[in-house]
Every structure is written in structure tokens, then in C-alpha cells.
Amino acid sequence: MSKKSGFKIIGTGRYLPGRPYTNHDLARVMDTDDEWIVRRTGIRQRHFCPEGVGVSDLALPAAKQALEDAGRAPTDVDYILFNTMTPDHVFPGSGPLLGEKLGCVGVPALDLRTQCAAMMFSMQVADSLLISGAAKTILIVGAEAHAGFMPWSDWDILEGTSDKKPEPEDWDRATRHRGLAILFGDGAGAMVVESGENGGGVLGMDVHTDGCHVDKLLIPAGFRTRPFISKRTVEEDLWIPTMQGRDVFKYAVTELPKSIRRACERAGVGVGDVDWFVAHQANQRINDVVRERLDVAPEKVPSNIARYGNTSAATIPILLDEMRRDGRLQEGQLVCFLALGAGIHWGSAVVRL
Ligand code: UT7
């Protein structure tokens, strides 16, 4: 990996829609409970995107906040990288929608589809665009609206605005998908990056894709069937992700420590030199095991999963923004980003702030 990195984070922002939904709220529509969810995942609440709102809408306030933090105007942006697995439309991607909403007409807007590992790939693309001179000011956004694939229709019961009980078949269906449904939450995060100086930027990077495990986490519906949305895909819930959670868990705790070691080696630093490990928040237990395997102190691995759940591509920029705004992140610190998600895509990046 090149040492003449172009990547410097000059602004961040985040947006979480509406009010949080607790584990107790979820327990009104399926057979689950707060104790199980907290013990197995660390999650206590999450936000859901309102109906009729898309990820480009969630991304807009996060992007504006990041630009303001960076002291840049939308007209300064000359590249947009939009990361999501829940786009506003099947096509085109959400990058063009955000560009239009921001007033960045004519600015290239590239959608990346690497799910929860999105930020690793976006950082590498951004770094390369800056080094090559193809871009000077890049807006990187991660935004998700998972609410659309939640396995219940009784939103009024979930929200507590109705005293009704779910029909037994609705309860059973949501319960069949409970391992997935308790994990995900919605939101958006954004960062503005430009070429850095003084030896900053991406010092070492390690990204991978292993398509042998596509079946471990995917939405089965797609353009393999005609028409791609049919009565059958709806009746068989093929638009709801299927997840072999235990396998993904094992893959993450096996591969992420190796990836971090490789990224540190490429950066010419020791794992112990890293100030912060800004990790994707899929399950608190995954991050605890990765941390233990690397022998890293708990206070170096910040967590916000209790409040937001797994926000997929939005997770890392949301956490980054929280840390930047509350003063934890300081110029000159060494940060290791790490993430793994459906694909399976995973990786890590060692960045000097
Ligand atoms: O970011 C994208 C990548 N995704 C991930 O990284 C996800 C990784 N995997 C995980 O986080 C975990 O595997 C899950 C949180 C999804 C599941 O936790 P687990 O400890 O692997 O549980 P399990 O699926 O093996 O299920 C254990 C038991 C089962 O009951 P039995 O068969 O032992 O009686 C499940 O039916 O827990 C039951 N269960 C639940 N109970 C209450 C599963 N989900 C729930 C639930 N509430 N929500």
C-alpha cells in the first residue's frame, strides 16, 4: 500500500431519524426479550427510517453537517461516494439523488455496494482518487433504511399506538426472522476528505472479498427471477435478508484480527501503537472477541451499538462523528478502522488523523 496517502478527514456529520425503538418495543411484535438481545448483542435500542423517506434523505443532513464541519460548501465537492445496501430505488443508486439534493449537479456520484464493510472500500477508493488527482474534495456517505425489510407490518403495535395484539401468523413470521430483525437500525453518517500533509492519511490498508460465503447473508430476491418482484418472492419472504448469524460471527472473529495485523504491518506500526479501533458495530460480542485476540484495552474500542444497533454502511461514519464532536479524536492520533459484512467483504485501515 502506498505511503503517499491523500486521505485526511476534515469534517464529519451524522443523522438518526425519529425516536429510538427499544427492545421492549420489538417484543410487542415477535417472541424476543430485552435480556436476550442485550446479552447476545449489546443492543438496547435502534432508530427506524419513516415510511416514504429514503437513504438519500437521511444522508442529506449528515452530509450538510460534515461539509459545515469541514468549512466546505457543496460546490467544493468534486466526488461523492455513496454507501448503502438499502437504496432509495433498485436503480439508480442513491448517489445521484443526494447530489441533486445537495446541489452537486454534474459531480460524479459513485454508489458502492459492500454492505457493512463499505467504509473500508470507500476509504481506499477515496485515497486513490486523491492521490491520482482525480478529485480534491470527496464526500463519503453511509446511509441505511433497513426498516423496509423488517418482518412485520404492525408498526402501530410496535410503536405502542395500538393496543391490538399481532395476528398469530404475523407473530410467527416476525419470530422466524428475529435473529436478523433485532440487529439492524437506520441512520446516516458522512465524512469529507481531502489530501493531507505532514505524513497523515491512510498508512496501511487491508481489504478482501470472499464470494464463497454469499449465502451467509443476502436478500434472495433479485433479477434471477422474472419478474424480479413476483407473488412468490413476496409470499416466501425472499425480500427479507437470510442470515446464518453464527457463521458470519465466526468469520468476523477469525478474519478481522488477521486483517488488523496486516494493516498495521503495512503501516509500519504495532497494534499497540493504535490510539483507537473504530469498529463496525454488528454485535458487541464480535468486537469484544476481536479486541481480546489482539490484546487491546477495552477503552481503545469505543462502542455505540447499544443506542443504534447495526446501521451497516452508516456505522463507522456515525461513530467517527460522535468521537470527533465529543473531543475523543485528536489530530495526529492513529486510528484503525475495521469492518466485515455481507459478500463477505471485510478489511481494516490504519489512518493517521
Ligand atoms: O453486520 C453484518 C454482519 N452480521 C453479523 O455480523 C451478525 C453476526 N451474528 C450475530 O450477531 C449472532 O449470530 C446473532 C445475534 C444474529 C444471533 O446470536 P447467536 O448467539 O448466534 O444465536 P443463535 O442464532 O445461535 O440462536 C440461539 C438461540 C436459538 O434458540 P434455540 O434453538 O437454542 O432454542 C434461537 O432461536 O436463541 C434464539 N434466538 C432468539 N431468542 C430471543 C435467536 N434470536 C433470538 C431473539 N430473541 N431475537
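Per-chain numbering applies: the sequence of each chain, read as written, is numbered from 1 onward. pLDDT decides what is reported in this predicted model: residues at 70 or higher carry local features, side-chain atom pairs at 80 or more are listed and counted, and totals for whole chains, interfaces and linings draw on all residues regardless. Only heavy atoms go into the side-chain values, all of them from the structure, while hydrogens and water stay out.

For the rest of this paragraph, the subject is the overall build of the protein. Helices and strands together make up the secondary structure of the protein, namely 13 helices and 13 strands. As defined in this context, the radius of gyration uses C-alpha atoms, and a globule is described by 2.2 Å times the residue total to the power 0.38. The C-alpha atoms of the protein give a radius of gyration of 20 Å, which matches the 20 Å a tight globule of 353 residues would have. Expressed along its principal axes, the backbone C-alpha trace of the protein runs to roughly 60 × 45 × 40 Å. Long-range contacts, defined as pairs at least 24 residues apart, comprise 80% of the intrachain contacts of the protein with a sequence gap of at least 6. Here the Shrake-Rupley method, with its probe set to 1.4 Å, supplies the accessible areas, and only the displayed protein chains count as covering residues. Surface exposure of the protein reaches about 15300 Å², of which carbon and sulfur atoms provide 51%. Charge counting treats Lys and Arg as positive and Asp and Glu as negative, with His and both chain ends excluded. Where a charge lies is defined by one atom per residue type: Lys uses NZ, Arg uses CZ, Asp uses CG and Glu uses CD. A gap of 4 Å separates the mean positions of the 40 positive and 46 negative side-chain charges of the protein. Each helix is a run of H or I in the DSSP string that is no shorter than four residues. Each strand is a run of E no shorter than two, and both are numbered from the N terminus. In what follows, a contact means two residues having at least one pair of non-hydrogen atoms within 4.5 Å.

Turning our eyes to something else, we now look at the pattern of salt bridges. One side chain can pair with another of opposite charge once the charged atoms of both are near each other. Think of a salt bridge as a Lys or Arg side-chain nitrogen and an Asp or Glu carboxyl oxygen that are within 4 Å of each other. Summed over all chains, the structure comprises 19 salt bridges. Arginine 39 is the salt-bridge partner of glutamate 35, the closest N and O atoms lying 2.8 Å from each other. One end of the pair, glutamate 35, and the other, arginine 39, are both in helix H2 (residues 34–41), four residues apart, so they sit about a helical turn from each other. Buried means the residue's accessible area, taken with a 1.4 Å probe over protein chains only, is under 20% of the maximum for its type, while exposed means over 50%, and partly exposed covers the values in between. Owing to a relative accessible area of 49%, glutamate 35 belongs among the partly exposed residues under this scheme. Aspartate 156 is paired through a salt bridge with lysine 164; the nearest N and O atoms lie 3.6 Å apart.

All right, on to the packing of aromatic side chains then. The pairing test for Phe, Tyr and Trp rings, Trp by its six-membered ring, is centres within 6.5 Å, and the orientation test on the planes gives stacked under 30 degrees, edge-to-face over 60, and tilted for anything in between. In this structure the tally under the stated criterion is seven aromatic pairs. Between phenylalanine 48 and tryptophan 155, the ring centres sit 5.3 Å apart and the planes meet at 85°, which makes this aromatic pair edge-to-face. Pair noted here: phenylalanine 48 is in the loop between strand S3 (45–47) and helix H3 (55–70) and tryptophan 155 is in helix H6 (residues 155–159), with a separation of 107 residues, a long-range link. For phenylalanine 48, a relative accessible area of 4% puts it in the buried group. Residue tryptophan 155 is classed as partly exposed on the basis of its relative accessible area, which comes to 24%. Members of the aromatic cluster, connected to one another through ring pairs, are Tyr21, Phe48, Trp152 and Trp155.

Moving on to the pairing of strand S5 (residues 109–112). DSSP bridges decide pairing: two strands pair if at least two such bridges lie between them. As judged from the four bridges shared by strand S4 (residues 79–83) and S5, these two strands associate in the parallel manner. Note on S5: the bridge partner recorded for leucine 81 is leucine 110. Look down the strands so they point away from you; if the path from the first strand over the helix to the second goes clockwise, the crossover is right-handed. Each parallel crossover has a hand, and for S4 linked through helix H4 (residues 95–102) to S5 it is right-handed.

This part is about helix H13 (residues 315–325). With nine of eleven residues buried, H13 lies mostly within the body of the structure. Turning to H13, its buried residues number three or more, namely Thr315, Ile316, Pro317, Ile318, Leu319, Leu320, Asp321, Glu322 and Met323. Two residues or fewer past H13, glycine 327 is found with a positive phi of approximately 85°.

As summarised here, the arrangement of the five strands in space is S1-S7-S6-S4-S5, forming an open sheet in which the pairing is mixed. The open sheet is flanked by strand S1 (8–15) and S5, the only strands paired with a single partner. Between one strand axis and the next, the sheet turns by 15° as a mean value, whatever way the strands run. In this analysis an axis means a line fitted to C-alpha atoms, helices contributing only their contacting stretch, and an angle means the value between N-to-C directions, from 0 to 180 degrees. Most of the contacts of H3 go to S1, to which it runs at about 140°, and overall it touches S1, S4, strand S6 (137–144) and strand S7 (187–194).

The environment of the ligand is made up of 21 residues, and the closest members are Thr32, Arg40, Arg246, Asn283 and Asn310. Here a polar contact means two N or O atoms within 3.5 Å. Within protein one must be a hydrogen donor candidate and the other an acceptor candidate, and residues neighboring in sequence count only if both atoms are side-chain atoms. Here an oxygen atom of the ligand and a side-chain polar atom of asparagine 283 are 2.8 Å apart. Contacts to the ligand include asparagine 310, whose side-chain N or O atom sits 2.7 Å from an oxygen atom. Protein chains shield 75% of the accessible area of the ligand, which is 950 Å² for the free molecule. Going through the elements one at a time, H2, helix H8 (178–181), helix H10 (245–267) and helix H11 (284–294) are the ones with two or more residues in the shell around the ligand. Of the residues forming the shell around the ligand, the biggest block, four residues, is contributed by H10. When at least one non-hydrogen atom of a residue lies within 4 Å of a molecule or strand, that residue is treated as near it.

Bringing the packing of H10 against H11 into the picture now. Where H10 meets H11, the closest approach of the two axes is 9 Å, and the angle between their N-to-C directions is 40°. The pairing of H10 with H11 is recorded here as oblique in orientation. Crossing angle aside, the handedness with which H10 passes H11 is right-handed. Across the interface between the two elements, Phe249, Ala252, Val253, Thr254, Leu256, Pro257, Ile260 and Arg261 from H10 touch Arg285, Ile286, Val289, Val290, Arg293 and Leu294 from H11. Its residues assigned to classes, the contact of H10 with H11 shows ten nonpolar, one polar and three charged. Working definition: roughly parallel below 35 degrees, roughly antiparallel above 145 degrees, roughly perpendicular at 65 to 115 degrees, and oblique for all remaining angles. Note: crossing handedness is left-handed where the near helix turns anticlockwise from the far helix by less than a right angle, and right-handed where it turns clockwise. Basically, the charged four are Asp, Glu, Lys and Arg, the nonpolar ten are Ala, Val, Leu, Ile, Met, Phe, Trp, Tyr, Cys and Pro, and anything else, Gly included, counts as polar.

Let us look at the domain arrangement of the protein. Much of the literature gives interface size as the accessible area that the parts lose upon coming together. Domain ranges listed in this record stem from an automatic or a database domain assignment. Taken domain by domain, the protein consists of domain 1 (6–196) and domain 2 (201–302 + 312–352). Measuring from the centre of the C-alpha atoms in domain 1 to the corresponding centre in domain 2 gives 15 Å. Summed over both partners, buried area is the accessible surface (1.4 Å probe) that two parts give up on being assembled. Here domain 1 meets domain 2 over a buried area of about 3600 Å², counting both sides, of which 66% is carbon and sulfur. Summed over the three residues of domain 1 that lose the most area to domain 2, namely Arg14, Cys116 and Met120, the buried surface amounts to 18% of that side. Of the charged contacts in the structure, one is a salt bridge between arginine 14 and aspartate 321, with a shortest N-O distance of 2.8 Å. Counting across the interface, domain 1 meets domain 2 through 15 residue pairs in polar contact (both at pLDDT 80 or more).

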